[in-house]
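# Summary of the model geometry
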Amino acid sequence: MSWDALTLWDATRIKPLTGGSSNDVWSVDIGGTIAVARLGKRSDDDLAWEAALLQHLDRAGLTVPVPIPTKDGRPFAHGLMVMTFIEGGPPADASDWRRVGETLRTLHRLTANWPQRPGWKASLELLRANHGTRIDLTAMPDEAVKRCRAAWARLAGHEMCVVHGNPNNPANILMTGDRVGLVDWDEAHVDVPLLDLVLPFNGGKLEGAEGDAAAQASAAWEAAVCWKDDYAEQRLAEVRPV
């Protein structure tokens, strides 16, 4: 896996961009058109899942980065994916975050019954499983695991779909006056949609017990994914003891 694979697109690197935690991301030039190239260590099965999802969402009218095929028609090659560039800026106020929430609800509606991302586990599956991609519950103290599982158990009974996984990070939202773009799909997987709707200014329009359950489950998820750093401990502190 190296940047040499850019020759498969006849692309040249321009400058590094802020990317996900698992990737090296650059702006690139393809025949005078600016695009975004992402190099990482995801498996081919994982990249195929993501590429199919982004193509599906683009066809349905959502603004997402779309894989640009190689000269021989592949959506990715050697760990490298080249995607369309999206213009826009982050949400600025409560009205913008409500638009983000509405866009996420559209994502959820469009991906009901979508297959799980290879190697991932949904929060409800982690009530029994100990491992799922970046989550290793055996690395956490028993009391912390009990708290996380108690929070996730409150999501039982909800339908599942694709969740973006990190939409409350403003850097992952690129907005203009007429559209909301969602970028950085590293954490996307199939799970309960409430996990996506814990947004600034209550952009997901969650209230009462549903809002509390979503906030607790979201904090538990981020604690487990990031364990063990300061942020993970901060998020775990938000999860009520059993």
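Basis of the calculations
- Residues numbered from 1 in each chain as written.
- Predicted model: local features only at pLDDT ≥ 70, side-chain atom pairs only at ≥ 80, totals over all residues.
- Heavy atoms only, no water.
- Helix = DSSP H or I, 4+ residues; strand = E, 2+ residues; numbered from the N terminus.
- Rg over C-alpha atoms; globule rule 2.2 N^0.38 Å.
- Buried < 20%, exposed > 50% of the residue type's maximum accessible area, 1.4 Å probe, protein only.
- Contact = heavy atoms within 4.5 Å.
- Areas by Shrake-Rupley, 256 points an atom, 1.4 Å probe, with all protein chains shown as cover.
- Lys, Arg positive; Asp, Glu negative; His and termini not counted.
- Charge placed at Lys NZ, Arg CZ, Asp CG, Glu CD.
- Salt bridge = Lys/Arg side-chain N within 4 Å of Asp/Glu carboxyl O.
- Axes fitted to C-alpha atoms, helices over the stretch in contact; angles between N-to-C directions.
- Parallel < 35°, antiparallel > 145°, perpendicular 65-115°, else oblique.
- Left-handed = near helix turned anticlockwise from the far one by under 90°.
- Nonpolar A, V, L, I, M, F, W, Y, C, P; charged D, E, K, R; others polar.
- Phe/Tyr/Trp six-rings, centres within 6.5 Å; stacked < 30°, edge-to-face > 60°.
- Lys NZ or Arg CZ within 6 Å of the ring centre and 35° of its normal.
- Pairing = 2+ DSSP bridges.
- Polar contact = N/O pair within 3.5 Å; in protein donor to acceptor, adjacent residues only side chain to side chain.

Counting its regular elements, the chain contains five helices and ten strands. Scaling as 2.2 N^0.38, a compact globule of 242 residues should have a C-alpha radius of gyration of about 18 Å, and the chain matches this with 18 Å. Across the 242 residues in the chain, those meeting the buried criterion constitute 48%. The long-range share in the chain, meaning contacts at least 24 apart out of those at least 6 apart in sequence, stands at 66%. When the accessible surface of the chain is summed, it comes to about 11,300 Å², and 51% of that surface belongs to carbon and sulfur atoms. Looking at charge distribution, the chain has the averaged site of its 25 positive side-chain charges lying 2 Å from that of its 33 negative ones.

Below, the discussion takes up the pattern of salt bridges. Pairing between side chains becomes possible if they bear opposite charge and their charged atoms approach one another. This structure, assessed with the given rule, holds 16 salt bridges. A salt bridge links R38 to D186; its shortest N-O distance comes to 3.7 Å. Of this pair, R38 sits in strand β3 (residues 33-40) while D186 sits in the loop between β9 (180-182) and β10 (189-191), and the two are 148 residues apart along the sequence. On the accessibility criterion, R38 (7% relative accessible area) is buried. Take D186: its relative accessible area is 3%, and that puts it in the buried class.

Looking now at the packing of helix α4 (residues 208-226) against helix α5 (residues 230-237). Put simply, α4 and α5 touch, their axes get as near as 8 Å, and they point 155° apart. Overall, the two elements α4 and α5 adopt an arrangement that is roughly antiparallel. Pair α4 / α5 crosses with left-handed handedness. Counting all contacts with α4, which are made through S218, A219, E222, A223 and C226, the residues of α5 involved are Y231, A232, R235 and L236. For the contact of α4 with α5, the per-class residue count stands at six nonpolar, one polar and two charged.

The next subject is the packing of aromatic side chains. Under the counting rule described, the total for this entry stands at two aromatic pairs. Seen in terms of ring centroids, W3 and W26 are 6.3 Å apart; in terms of plane orientation they differ by 65°. Their pairing is edge-to-face. Of this pair, W3 sits in the segment before β1 (11-17) while W26 sits in strand β2 (residues 23-30), and the two are 23 residues apart along the sequence. On the basis of relative accessible area, W3 is assigned to the buried category, the value being 14%. Taking 6.2 Å as the distance between ring centres and 65° as the angle between the ring planes, the aromatic pair formed by W152 and W221 counts as edge-to-face. With W152 in helix α3 (residues 142-153) and W221 in helix α4, this residue pair connects regions lying 69 residues apart in the sequence. The ring of W26 carries the charged tip of R13 above its face, separated from the ring centre by 4.4 Å.

In this section: the pairing of β3. Across the eight residues of β3, six count as buried, placing the element largely inside the fold. Of the pairings in the sheet, the one linking β2 to β3 comprises eight bridges and is antiparallel in character. Its bridge partner lying in β3, W26 is registered against A37. Hairpin connection, β2 to β3: the antiparallel pair is bridged by two residues, and G31 has positive phi, about 60°. Alignment of β3 against strand β4 (residues 80-84), held across five bridges, turns out to be antiparallel. Across the sheet, residue R38 finds its bridge partner in β4, namely M81.

This brings us to the environment of T84. On the secondary structure map, T84 appears in strand β4. The partly exposed category is assigned to T84, whose relative accessible area is 32%. Setting aside anything within four residues of it in sequence, one finds T84 in contact with V64, P65, V66 and I68. A polar atom in the side chain of T84 sits 2.9 Å from the backbone nitrogen of V66.

Spatially, β1-β2-β3-β4 is the arrangement adopted by the four strands of the open sheet, whose pairing is antiparallel. The strands lining the two open edges of the sheet, one partner per strand, are β1 and β4. Sheet twist, expressed as the mean angle between neighbouring strand axes with direction ignored, is 35°. Each of β3 and β4 touches helix α1 (residues 44-59); the most contacted strand, β4, lies at about 10° to it.

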